[in-house]
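# Survey of secondary and tertiary structure
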Amino acid sequence: MALAPETTAPAVEVRDLHKRYGSLEAVAGIDFEVGAGETFGFLGPNGAGKSTTISILCTLVDPTGGAARVAGYDVVRQRSDVRRNIGLVFQDTTLDLYLTAAQNLRFHAELYGVPRGLVDERLHKVLEMVGLWDRRDSRVNTFSGGMKRRLEIARGLLHSPRVLFLDEPTVGLDPQTRSSIWSYIHELRQQEDITIFLTTHYMDEAENCDRIAIMSQGRIVVLDTPEALKASVGKDRVQITTDDDPAAMRALDERFGVEAAVHDGAVTISVADGEQFVPRLFAELGVPIRSVSVARPTLDDVFLTYTGRTIADAEASGMDRLRSNPMLAARARR
Amino acid sequence: MTTVSEPGAAAGAPAPARATPIHLPEQSLRHDVRAVKVVWQREMIRFSQDKVRILTSLLQPLLYMFVLGTGLSSLTRGATGDVNLRTFMFPGVLAVSVLFTAMFSAVSIVWDREFGFLREMLVAPVRRGSILVGKAIGGATVATIQGAFVLALAPLVGVPYAPVMVLVLLVEMLVLGFSVTAFGLVLAARVKQIQSMMGLMQMVLLPLMFLSGALYPLANLPAWLNVAVHVNPITYAVHPLRDAVFVHIDASSQAVAALNPPLTWWGWVVPAVVQVGVVVAAGLAFLAIAIWEFNRAD
């Protein structure tokens with residue numbers, strides 16, 4: 001019997017992981033660790049190897065090289081132990097649409113062996129958390145896309161996993177529903193001791209993670225906090241409109257030592273920390289300011305800097321890769 | 001334009017009490033039994049929801065008994081003696097009904113794959129065998145319930161409601177249903193697309209039915225057909241069903257000899273228990289193959 005690993009151990013530990021499908025190297029040697037309690041994101045276009053990696057970590061696919069441990073257990077040799085300690089939310093729905101929400105959860109509780117006396121309480125708790133308690137006796141085929149996804153998240157949490165895997169948790173949902181899913185995920189972090197591992201190809205969603213790994217063509221290109229990644233790319237862009245632009249530009253040069261230029265009819269400067277700079281600007285510029293805007297570098301800029309492509313371009317060629325490889329395409333469809 | 005939301009934006013609010021984590025037990029027989037039971041329960045829920053399926057599955061046996069049976073009886077009146085052809089066909093129709101219903105139950109696993117639910121089952125920390133055992137028992141139960149509806153029509157074809165006979169027929173249908181579902185699961189492990197599965201089923205079901213003696217007696221068959229019938233496991237389910245029915249109807253010994261001759265292996269009369277044993281053994285073998293196949297697949 002495997003001893004329960006210490007809780008301070010990393011939630012996910014990956015060493016030189018490889019996965020090869022024929023001639024295609026879907027995962028080409030990656031290393032990383034995810035700390036307990038962290039929200040960790042895999043960002044990258046379709047076909048970058050995110051889903052393959054998550055499938056290996058969930059014990060659904062065997063790696064062709066390297067090793068991975070989840071919740072302290074080896075994903076190849078201690079499959080059952082891994083499975084007991086993870087919750088899964090896949091890209092495609094895996095609910096039984098003809099059962100009610102509660103029936104789907106009960107099925108899961110039985111299959112995972114949740115102790116009988118705890119099922120009712122836990123079921124209430126997770127359905128309450130995702131706002132579906134009132135709909136517990138409705139059949140899932142009456143649910144909207146967002147409700148189904150929330151129900152899947154509730155089900156993934158039912159057995160108190162140490163790590164929750166969310167593979168593209170908001171794909172195919174409208175922006176409003178996407179942001180509501182995120183507020184549930186934030187709430188979840190407040191209520192449970194859980195590590196969240198997610199993949200996404202939405203740049204704005206990656207901002208919700210504590211750390212992000214950007215994946216491209218089976219490799220991790222860079223791994224850091226969203227803030228650090230953006231800082232590594234460049235400075236914030238501050239644009240102001242004033243009563244007297246030439247005077248403002250002179251003042252910027254003399255008092256702040258920054259060079260300004262006029263773009264889009266506004267005085268534009270680049271500074272390391274735009275938000276902290278703005279209050280000083282108001283206090284010390286000496287020219288009345290009419291409007292101000294601060295634009296941060298986006299993760300799109302980060303992706304472009306590190307991979308040389310925009311994520312949209314990468315997405316397009318990623319799909320070509322899929323199409324040219326029938327086996328991967330079949331997997332992607334499934 | 002700084003709309004970056006901080007992770008844990010709600011941190012200002014007092015943190016709600018942390019949930020007490022659940023500790024899942026290690027894998028055990030008890031856990032496997034729970035899994036078998038819940039998979040079975042799901043089959044029952046799905047079956048009870050599908051009233052249309054229950055009705056349409058009743059249509060086929062009705063056609064066999066009352067349309068084909070009536071139509072052909074003018075041809076066969078001389079041959080069946082004092083036994084109506086519909087009466088003769090009754091046990092065979094029970095078997096056919098179970099055969100089709102059980103096979104359709106096995107197909108549900110291909111639907112589950114198509115709609116993703118199979119994944120939910122396969123990633124669970126439970127032996128895959130218990131999921132398949134649940135499916136097979138579920139298919140057997142559903143097929144037996146369907147068979148019971150047909151059995152309820154017994155008096156219409158001159159078969160009485162004898163309690164012992166009803167009980168024996170139900171048990172035999174359960175056994176047949178289990179084995180056919182297990183066989184269907186073997187096919188479903190390989191065939192990933194629902195269209196191909198439907199085609200394959202048609203290809204498999206009709207020969208199984210026609211070569212089982214469900215629709216004709218095992219007397220005076222040409223040698224090739226006689227061999228084919230004796231190789232088909234379904235034959236060993238049809239024959240005990242017919243034995244059970246024939247005990248409870250009034251038939252001359254001539255008619256019994258013509259319509260329900262004993263099943264023999266090289267002249268040895270195979271006892272009913274051995275016949276049922278053949279069906280059980282075939283079912284367990286198919287189930288083992290299905291489990292092996294699902295364990296191999298990811």
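This text follows the structure it describes.
These numbers were taken from a predicted model, which means no experiment stands behind them.

### A closer look at the sheet that holds strand β5 (residues 73-74) of chain A
All names here are of chain A. One open sheet holds the four strands; their spatial order is β2-β1-β4-β5, and the pairing between them is antiparallel. The open sheet has two free edges, formed respectively by β2 (24-34) and β5, since each of these has just one partner strand. Bridge analysis of strand β1 (residues 12-21) against β2 gives eight bridges, and the strand direction is antiparallel. Of the residues in β2, the one forming a bridge with tyrosine 21 is leucine 24. Packing against the sheet, helix α1 (residues 50-57) makes contact with β1, β2 and β4 (65-70), and its axis sits at approximately 120° to β1.

### Description of the pattern of salt bridges
Working definition: two side chains of opposite charge can pair if their charged atoms are close together. Counted under the stated rule, the structure contains 25 salt bridges over all chains. Linking arginine 46 of chain B and aspartate 96 of chain A is a salt bridge whose minimum nitrogen-to-oxygen distance equals 2.9 Å. Residue arginine 46 of chain B is found in helix α1 (residues 29-49), and its partner aspartate 96 of chain A is found in the loop between β6 (86-89) and α3 (101-112); the two belong to separate chains. By relative accessible area, which is 29% here, arginine 46 of chain B ends up partly exposed. Ionic pairing is found between glutamate 207 of chain A and lysine 230 of chain A, a salt bridge with its closest N-O pair at 2.8 Å. Taken together, the residues glutamate 207 of chain A in the loop between α7 (203-206) and β9 (211-216) and lysine 230 of chain A in helix α8 (residues 226-233) connect sequence positions 23 residues apart. Here the two residues glutamate 207 of chain A and lysine 230 of chain A agree in accessibility, since each one is buried. When salt bridges with common partners are traced through the structure, they connect Asp96 of chain A together with Arg42, Glu43, Arg46, Asp112 and Lys135 of chain B into a single cluster.

### A few points about the interface of chain A and chain B
Listed per partner, the contact involves 55 residues of chain A and 43 residues of chain B. The partner of glutamate 110 of chain A in a salt bridge is arginine 34 of chain B, with the nearest N and O atoms 2.9 Å apart. The interface formed by chain A and chain B holds 10 residue pairs in polar contact (both at pLDDT 80 or more) in total. Of all the secondary-structure elements, those providing two or more residues to the side of chain A that touches chain B are α2 (79-84), α3, α4 (116-129), α6 (175-191), α8 and β14 (289-295) of chain A. With eight residues, α3 of chain A is the largest single contributor of residues to the side of chain A that touches chain B.

### Overview of a nonpolar patch on the surface
Residues and elements named next belong to chain B. A contiguous nonpolar surface patch, about 280 Å² in accessible area, is contributed by Leu59, Leu63 and Val67. Inspection of the secondary structure puts valine 67 in helix α2 (residues 51-80). Using a relative accessible area of 53% as the deciding quantity, one classes valine 67 as exposed.

### A word on the pairing of strand β7 (residues 163-167) of chain A
Residue and element names in this part refer to chain A. For β7, the tally of buried residues reaches five of five residues, placing the bulk of the element in the interior. Direction of pairing for β6 relative to β7: parallel, over a ladder of four bridges. Counted as the bridge partner of glycine 87 is leucine 164 from β7. When β7 meets strand β8 (residues 195-200), the two strands line up parallel, connected through five bridges. Note on β8: the bridge partner recorded for leucine 166 is leucine 198.

Reading guide: rules and limits
Residues numbered from 1 in each chain as written. Chains lettered and ligands numbered in written order. Predicted model: local features only at pLDDT ≥ 70, side-chain atom pairs only at ≥ 80, totals over all residues. Heavy atoms only, no water. Pairing = 2+ DSSP bridges. Helix = DSSP H or I, 4+ residues; strand = E, 2+ residues; numbered from the N terminus. Contact = heavy atoms within 4.5 Å. Axes fitted to C-alpha atoms, helices over the stretch in contact; angles between N-to-C directions. Salt bridge = Lys/Arg side-chain N within 4 Å of Asp/Glu carboxyl O. Buried < 20%, exposed > 50% of the residue type's maximum accessible area, 1.4 Å probe, protein only. Polar contact = N/O pair within 3.5 Å; in protein donor to acceptor, adjacent residues only side chain to side chain. Patch = residues over 30% accessible without salt bridge, like charges linked within 9 Å, V, L, I, M, F, W, Y side chains within 5 Å. Areas by Shrake-Rupley, 256 points an atom, 1.4 Å probe, with all protein chains shown as cover.

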